[in-house]
Structures are given as structure tokens and as C-alpha cells.
Amino acid sequence: MRIRRILAAVIATAALAGLGLTGAATATAASLTPGECQQGGGTVNWANNTCRGGMYDGQMVD
């Protein structure tokens, strides 16, 4: 019984930590710098502030 409780606590803690890291990564990836867009193989479309082409295609640029 005690081992099950400890195991459940460890799994719950790992799950909560994972959610926190995922949320932080999502918030960070919300907008790019022009340099990040270009390093990803794209070009900045200043008409609508998005990255065009490459790995960040369609993401907002600051």
C-alpha cells in the first residue's frame, strides 16, 4: 500500500512538472524574432508580421 501511494505521488508530480514545462515552451514559442525566422529558413513578411517559409512558417514575428 505504501509503495503504491509513493508511486502515485511520483507520477502526479512528474505529470504536473511536465505540464508546467509544456506551458512555458508554448508561451515562449508564441512569437519569433526576425533572426529566428531567418535561421529557420524563412523570410519575414513585414506586411502582416509573420514568418514565411521554413520551419516557422506562419508564426508571428516581433
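Remember, predicted model here, so these are calculated numbers, not experimental data. (Residues numbered from 1 in each chain as written. Predicted model: local features only at pLDDT ≥ 70, side-chain atom pairs only at ≥ 80, totals over all residues. Heavy atoms only, no water.)

Novice: Help me understand the side chain of threonine 50, please; the structure alone is not making it clear to me.
Specialist: If you trace the backbone, threonine 50 turns up in strand β3 (residues 50-52). Residue threonine 50 is classed as buried on the basis of its relative accessible area, which comes to 15%. Leave out the neighbours within four places in its chain, and threonine 50 touches Thr43, Val44, Asn45, Gly58, Gln59, Met60 and Val61. (Helix = DSSP H or I, 4+ residues; strand = E, 2+ residues; numbered from the N terminus. Buried < 20%, exposed > 50% of the residue type's maximum accessible area, 1.4 Å probe, protein only. Contact = heavy atoms within 4.5 Å.)

Novice: Looking at this model, I keep getting lost on the side chain of asparagine 45. Mind explaining?
Specialist: Along the chain, asparagine 45 turns up in strand β2 (residues 43-45). The buried category is assigned to asparagine 45, whose relative accessible area is 18%. One polar contact links the side chain of asparagine 45 to the main-chain amide nitrogen of alanine 47, over a distance of 3.2 Å. Apart from residues lying up to four places away in sequence, asparagine 45 is in contact with Thr50 and Arg52. (Polar contact = N/O pair within 3.5 Å; in protein donor to acceptor, adjacent residues only side chain to side chain.)

Novice: Looking at this structure, I do not really get the nonpolar core. What am I missing?
Specialist: A general feature of soluble globular proteins is that nonpolar side chains tend to end up buried together. In this structure, Leu32, Cys37, Val44, Cys51 and Val61 together form the largest nonpolar core, which totals 5 residues. Beyond its immediate sequence surroundings of up to four residues, leucine 32 is in contact with Cys37, Cys51, Tyr56, Gln59, Met60, Val61 and Asp62. (Core = buried A, V, L, I, M, F, W, Y, C linked by side-chain atoms within 4.5 Å.)

Novice: Mind showing me how you'd approach unusual backbone geometry here?
Specialist: If a residue is not glycine, its phi is most likely negative; likewise, a peptide bond is most likely trans. The phi dihedral of asparagine 49 is positive, around 55°, even though this residue is not glycine. Considering the arrangement of structural elements, one finds asparagine 49 in the loop between β2 and β3.

Novice: Help me out: how do you make sense of the environment of glycine 54 in this one?
Specialist: Inspection of the secondary structure assignment puts glycine 54 in the loop between β3 and β4 (60-61). On a C-alpha basis, the gap between glycine 54 and glycine 42 in space is 4.4 Å, while along the polypeptide they are 12 residues apart.

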